[in-house]
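A closer look at the structure
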Amino acid sequence: KHEHTFTQKGSVRELNIWLEEPNFPEHEGRGEFLAYCSMCHSTKYVTMQPNFSRKVWEAEVSKMIVKYKAPIDSVTAKKITDYIVMAKKPDARYP
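Report follows, based on the coordinates.

The rules behind these values
Residues numbered from 1 in each chain as written. Predicted model: local features only at pLDDT ≥ 70, side-chain atom pairs only at ≥ 80, totals over all residues. Heavy atoms only, no water. Patch = residues over 30% accessible without salt bridge, like charges linked within 9 Å, V, L, I, M, F, W, Y side chains within 5 Å. Areas by Shrake-Rupley, 256 points an atom, 1.4 Å probe, with all protein chains shown as cover. Salt bridge = Lys/Arg side-chain N within 4 Å of Asp/Glu carboxyl O. Helix = DSSP H or I, 4+ residues; strand = E, 2+ residues; numbered from the N terminus. Buried < 20%, exposed > 50% of the residue type's maximum accessible area, 1.4 Å probe, protein only. Axes fitted to C-alpha atoms, helices over the stretch in contact; angles between N-to-C directions. Parallel < 35°, antiparallel > 145°, perpendicular 65-115°, else oblique. Left-handed = near helix turned anticlockwise from the far one by under 90°. Contact = heavy atoms within 4.5 Å. Nonpolar A, V, L, I, M, F, W, Y, C, P; charged D, E, K, R; others polar.

1. Let's talk about a nonpolar patch on the surface
Where nonpolar side chains cluster on the molecular surface, the patch consists of Phe-6, Leu-15 and Ile-17 and spans about 360 Å² of accessible area. Inspection of the secondary structure assignment puts Ile-17 in the loop between β2 (12-16) and α1 (30-37). Given the relative accessible area of 61%, Ile-17 is considered exposed.

Listed below in structure tokens is the structure:
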């Protein structure tokens, strides 16, 4: 397990904070989700959202493409949406 550390040598201070990303279940679309969504933001944002409907997640993924210019084609967008909907189910199995 990684830990946050603080050291000081003379007047030089160093702080190491480890990024703690959630583990997402293995399932089709996981690779696309991790690769494309983490280009701009932490995947942890997905875990902090309510259990939105598929329609809302489709709109969210579309917003990332249209408003924020995420380089995601329509086939990949569907895979990402399908994955998020699956991963947000209460019974999704996380490692």
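From this point, the narrative continues.
2. Examining the packing of helix α3 (residues 54-66) against helix α4 (residues 74-87)
Interhelical geometry of α3 versus α4 gives an angle of 135° and a closest axis separation of 9 Å. What the angle tells us is that α3 and α4 run oblique. As for the relative orientation of α3 and α4, their crossing is right-handed in sense. Where α3 abuts α4, its residues Arg-54, Trp-57, Glu-58, Val-61 and Ile-65 lie against Ala-77, Ile-80, Thr-81, Asp-82, Ile-84 and Val-85. Partitioning the contact of α3 with α4 into residue classes produces seven nonpolar, one polar and three charged.

3. Points about unusual backbone geometry
Most peptide bonds are trans, and most residues other than glycine sit at a negative phi. Even without a glycine there, the phi angle at Lys-69 is positive, about 60°. As for its position among the elements, Lys-69 is in the loop between α3 and α4. For Lys-69, a relative accessible area of 64% puts it in the exposed group.

4. Description of the side chain of Thr-81
Mapped onto the elements, Thr-81 comes out in helix α4. According to the relative accessible area criterion, Thr-81 is buried, its value standing at 5%. Each residue touching Thr-81, except ones within four places of it in the same chain, is listed here: Arg-54, Trp-57, Glu-58 and Val-61.

5. Some details on the environment of His-41
Structurally, His-41 is set in the loop between α1 and α2 (44-47). A relative accessible area of 22% places His-41 in the partly exposed class. Put simply, His-41 and Gly-29 are twelve residues apart on the chain and 18 Å apart in space, counted from C-alpha to C-alpha.

6. Section: the packing of α1 against α4
Two elements in contact, α1 and α4, have axes separated by 8 Å at closest approach and are oriented at 105°. Classified by the angle their axes make, α1 and α4 are roughly perpendicular. For the pair formed by α1 and α4, the contact residues are Arg-30, Glu-32, Phe-33, Tyr-36 and Cys-37 on the first element and Thr-76, Lys-79, Ile-80, Tyr-83 and Ile-84 on the second.

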